[in-house]
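Fold and geometry: a report
Now for the letters of each chain:
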Amino acid sequence: MLTVVLAGLRARWASFVGGFTALTLGVGLVAVMGLGLSATLRAPERAPERFASSPVVVQGRDRIAVEVRRGPGTAVVTTPLDRPQPVDRELLRELRARWTVTTSATDTTTPAAPAPAPAPPSATPAAPAATAAGIPLAAAPPGGPDAVGVDAPAAEVRALVGDRARVLTGAERRAVDPEAARDAQALVTLNALLGTAGGVTTFVSVFVVASTFAFAVALRRREYGLLRMAGATPGQVRRMLLAEATGVGIAASAAGCLLGAWGASRLARVLVDGGAAPSWFAIDPGAAAWPYHLAFWTGTTVALAGALAASRRAGRVGPTAALREADVDADVLPRGRALLGAALLLTGVGLMVWTCATEPSELLKRKTYTTQPMLLITGVALLSPLLVRPAARAVRLWGAAGMLVRENSAAAVRRTAAVAAPVLVTVALAGTLLGSAATVTGAKAAEARRQTTAAYVTTPGKTIPLPASTPVPPAPPSVPPAPPSVPPAPSAVPRASVAATGATSVFVREGAEALVKYGARAVADPTAWASYARLPVVAGDLRKLDDGSIVVNEEFERRTVGETVEVWRADGRGPVRLRVVAVLAKGTGDNGPYVTWANAPGATVDRIDADRPVRVPGGTVRTAGAWAAATHPTTTPQTRLGLLLVLGIALVYTVIALANTLLMATSVRGPELTALRLAGATRAQVLRVVAGESLLATAIGAVLGLAVTALCLGTLGTGLAALSAPVAMAVPWGALGLAAGICAAVATAAATVPAWRLSR
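Definitions and limits used
- Residues numbered from 1 in each chain as written.
- Predicted model: local features only at pLDDT ≥ 70, side-chain atom pairs only at ≥ 80, totals over all residues.
- Heavy atoms only, no water.
- Helix = DSSP H or I, 4+ residues; strand = E, 2+ residues; numbered from the N terminus.
- Buried < 20%, exposed > 50% of the residue type's maximum accessible area, 1.4 Å probe, protein only.
- Contact = heavy atoms within 4.5 Å.
- Core = buried A, V, L, I, M, F, W, Y, C linked by side-chain atoms within 4.5 Å.
- Expected span 1.5 Å × (residues − 1).
- Pairing = 2+ DSSP bridges.
- Axes fitted to C-alpha atoms, helices over the stretch in contact; angles between N-to-C directions.
- pLDDT = per-residue confidence, 0-100.
- Parallel < 35°, antiparallel > 145°, perpendicular 65-115°, else oblique.
- Left-handed = near helix turned anticlockwise from the far one by under 90°.
- Nonpolar A, V, L, I, M, F, W, Y, C, P; charged D, E, K, R; others polar.
- Patch = residues over 30% accessible without salt bridge, like charges linked within 9 Å, V, L, I, M, F, W, Y side chains within 5 Å.
- Areas by Shrake-Rupley, 256 points an atom, 1.4 Å probe, with all protein chains shown as cover.
- Salt bridge = Lys/Arg side-chain N within 4 Å of Asp/Glu carboxyl O.
- Arc of directions from axis to C-beta.

Before going further, it helps to examine the overall build of the chain. When helices and strands are tallied, the chain shows 19 helices and 18 strands. Taken across its 760 residues, the chain has 47% of its residues classed as buried. For the chain, the proportion of contacts with a sequence separation of at least 24, taken over those separated by at least 6, is 80%.

This part covers the nonpolar core. Among the nonpolar cores identified, the biggest contains 96 residues, and V204, L271, F281, I283, L429 and V708 are the most heavily contacted of them. If you tally residues by element for this core, the top one is helix α13 (residues 413-450), at 16 residues. Apart from the residues within four sequence positions on either side, V204 is in contact with V425, L429 and Y653. If you look at the next biggest cluster of nonpolar residues, it comprises 25 residues, including V498, A600, I608 and V616.

Turning our eyes to something else, we now look at helix α10 (residues 366-382). The periodicity of an α-helix, 3.6 residues per turn, causes residues three or four positions apart to be oriented the same way. If you check α10, its first and last C-alpha atoms are 25 Å apart, about what 17 residues at 1.5 Å a residue would give, namely 24 Å. Burial of α10 is extensive: 13 of the 17 residues sit out of reach of the surface.

Once that is clear, we can look at the sheet that holds strand β7 (residues 147-151). Note on sheets: strands pair through backbone hydrogen bonds, and any given pair is parallel or antiparallel. In space, the four strands of this open sheet follow the order β4-β7-β1-β8, with antiparallel pairing throughout. Taken across any chain shown, the strands that pair with only one partner, and hence form the sheet edges, are β4 (100-102) and β8 (166-169). Going from strand to strand, the sheet's axes swing by 30° on average, the running direction of each strand aside. Examined bridge by bridge, strand β1 (residues 56-59) and β7 share four bridges and lie antiparallel to one another. The residue bridging Q59 from the neighbouring strand is A147, located in β7. Each of β1, β7 and β8 is contacted by helix α4 (residues 154-161), which is oriented at about 170° to β8, the strand it contacts most.

Looking at the chain, pLDDT values average 77 and 81% of them are 70 or higher. Here strand β5 (residues 131-132) stands out as the element of the chain with the lowest mean pLDDT, 44, in contrast to strand β16 (residues 594-596), whose mean of 92 is the highest. Predicted confidence is poor over residues 105-141, with pLDDT under 50, and the contacts of this stretch with residues over four places away or in other chains come to 51 contacts. Predicted confidence for residues 463-496 stays below pLDDT 50, and this span has 55 contacts to residues more than four positions away or in other chains.

Packing of helix α12 (residues 399-411) against helix α18 (residues 683-722) leaves a shortest axis separation of 9 Å and a crossing angle of 50°. Relative to α18, α12 is oriented oblique. The handedness of the crossing between α12 and α18 comes out as right-handed. Seen from α12, the contacting residues are A401, L404, V405, R406, N408 and S409; seen from α18, they are V689, G692, E693 and L696. Of the residues contributing to the contact of α12 with α18, the split by class is five nonpolar, three polar and two charged.

This brings us to the packing of α12 against α13. Interaxial distance between α12 and α13 falls to 5 Å at its minimum, and their mutual angle equals 90°. On the basis of their axis angle, the class for α12 and α13 is roughly perpendicular. In this structure, α12 uses N408, S409, A410 and A411 to contact α13, whose residues at the interface are V413, R415 and T416. When its residues are assigned to classes, the contact of α12 with α13 shows three nonpolar, three polar and one charged.

Positive phi, normally seen in glycine, also occurs at S724, with a value near 60°. Take S724: it is sitting in the loop between α18 and α19 (733-758).

With that settled, consider a nonpolar patch on the surface. A cluster of nonpolar side chains, L706, V731 and W733, forms an exposed patch at the surface whose accessible area comes to about 290 Å². Relative accessible area serves as the criterion here: at 58%, W733 is assigned to the exposed category.

Time to look at the pairing of strand β11 (residues 514-523). Relative to β11, strand β10 (residues 498-510) runs antiparallel, the two sharing 10 bridges. If you follow V508 over to β11, its bridge partner there is V516. Where β11 meets β16, three bridges bridge the pair, whose relative direction is parallel. What sits directly across from V523, in β16, is T596.

A separate point is the pattern of salt bridges. Overall, the coordinates contain 14 salt bridges when judged by the stated rule. The salt bridge partner of R521 is D606, with a shortest N-O separation of 2.8 Å. With R521 in strand β11 and D606 in strand β17 (residues 605-610), this residue pair connects regions lying 85 residues apart in the sequence. On the accessibility criterion, D606 (32% relative accessible area) is partly exposed. With a shortest N-O distance of 3.9 Å, R579 and D546 are connected by a salt bridge. Of this pair, R579 sits in strand β15 (residues 576-584) while D546 sits in the loop between β12 (537-540) and β13 (549-553), placing them 33 residues apart in sequence. Linked by salt bridges that have partners in common, R393, R406 and E407 make up one network.

Within a regular strand, side chains alternate between the sheet's two faces. Of the pairings in the sheet, the one linking β12 to β15 comprises three bridges and is antiparallel in character. Among the inter-strand pairings, G540 is bridged to a residue of β15, identified as A582. Both β13 and β15 contribute to a ladder of five bridges, which runs parallel. Looking at the pairing, S549 lines up with R579 of β15. Of the pairings in the sheet, the one linking strand β14 (residues 564-568) to β15 comprises four bridges and is antiparallel in character.

Every buried residue of helix α15 (residues 624-631) is listed here: A624, W627 and A628. For α15, the angular spread of the buried residues around the axis is 100°, confining them to a single face. Where α15 is buried, its residues touch α13, β9 (456-459), β17 and β18 (620-623).

Looking at where T752 falls in the secondary structure, it is placed in helix α19. With relative accessibility at 18%, the residue T752 sits in the buried group. Excluding its chain neighbours within four sequence positions, the residues that come into contact with T752 are L687, V690 and A691.

Its location among the elements puts S436 in helix α13. Other than its neighbours up to four places away in sequence, S436 contacts Y369, G431, L713 and L716.

Take the side chain of T698 next. Note on placement: T698 falls in helix α18. The exposure class of T698 is buried, given its relative accessible area of 3%. T698 has contacts with V419, V423, A740, C743, A744 and A747, leaving out every residue within four places of it along the chain.

Quick look at the environment of F215 now. For F215, the position within the fold is in helix α5 (residues 178-219). In this view, F215 contacts R414, R415, A418, T661, M664 and A665; residues no more than four positions away in its chain are not counted.

The topology assignment puts L267 in helix α7 (residues 234-273). Residue classification places L267 among the buried positions, given a relative accessible area of 11%. If near-sequence neighbours (up to four positions away) are discounted, L267 is found in contact with V32, M33, L194 and I283.

Quick look at the structure:
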């Protein structure tokens, strides 16, 4: 048996080139993604910057702890705050009384000194340094610094601090650096990107390898028939094919691991240059061994899994197949493949319909519109032999060449389906991924634009703190003249003409078992805000918002007007009981909740709505439409890079599959092409027939991919409508045309080059 396997590998090496190449690339990509994930999990320790000279850092509490129910008892759950609480003033006084304390990176450490006496409760808060249209432009943040450096032994500091704050030493001190949170978020995003790319790589590689082996078995049907006539049993035929797949899998997996080691550092450079990873991110190919083990055994398993179904089919070939001469494919859709394809297709459609009906907001999440289309793509690809024959017969082509193209495509169903399937994968992935991402971001921009009637939106270039203890004063009767470089502001701005809001968070205990964090908006002047807001109100009245109430959305467990909601504020303090005055539809995820500034400690103004330009130092004034377009771009650079990476992988696999399939298929068509020449066809006519068959198969795959895209985008649009969000469908025609064009060019070249040689 081993002798037969080795002889088959030597004699039919061209049949295995496509599978070997696809598997090598897949293993290399899995290795690269694994090394990238390992690098994100083992990020190098970076030296602290903000308090580099302080051996100990005392940071205010940065997590909220709430007791919830766990089974028969209770447990305390913690959730990170948006920003740490200020260090307690009494604790800060005690620290300064004993040791040298540094409050920022630019402060000079000074000997301990008695802290100034606190201001009496009746003292009036310091007025902000400047105002514009009644909005404070500068104010001291309440509560003091969020962290301080202490020049003292860590054990003594911990004994003094207790549970009033966090004590950080060593590399932990970097947690208070401004870049630490951004780097952590970037690593989380990078994890998701690499995981998605690795999943798509595995999916497409299994698909391509399985298709390659299945088509190779169809071409070798007479060979297996001869083996059966020579006395080979079905089990021996199956074992021979699995042995070939094992040999190819081991060789390709080893080559793929070498490719992964070579490409790891290059991937890191691409991620850093594309803004998807921090500037310090790097991948060391020798840092971990598990990515290579994962990639190698995944490649071997993929090869065996791809050949398993084909081996079962090869084992059923009878001795009479050696005498078969007909070119019309029969039994092109085995029962097992038909059942599996139908099950995947029905599962994919049912899952999308169920999600749209029960939780339409899930359709807007990247993990949903990235994974759900794969079920549909796989189901349609498995059923493609059933679809390509009627599709080919439905095409009307003129002339003798057109008739041959149509009939040959309909007769050679396996060849047509093997070409159409990878094109279907590429076109469907391009349409669903790019189209879904553009549709969701377009809906967010349209929703943001229609939710305000303001003519202008100002986005401050720097933070504009609004302490909860400092109410927004009414606008002065006149605004001071602006500097000469700035157009003069209106001479009189009514208070209701300016609505300042900022980002904050609220924490809600839902069902007594979970603590949920909601991104919220803080409103400085509820009257002005209500005059501009055009939110999808389901019940209640926005104008009733005050310091003792809240506007919620339909995601809240308690969402009946008049009910009270127990919330913890952004600094972790609470709970505070707020009355529900209005309920909003979910929309795309940015609809509330809304609270007043008194319930948003530490929030800063990031948006000012007005009926005329309101200028603040360093701010940008745009019309409402321009603001929506600028703040809700089509895709972020990180998202675009991730989508291009995934689609690039799919396109490369498609090119490999098309080239391999058509080279194998055309190389065995020598007698057929010779018969055409003997019937009077010229060499150019033969080449046109071969190219036309390739283009027709590519067009059928593109149409099937467009059908999957239409189904996915249609479901997404239905979900947006159910959420009361704008439906802004975006079909990436440019990307679809480019993918289909590349597939057509590769298919034509891969078919005509061997046909040109055979038709001499």
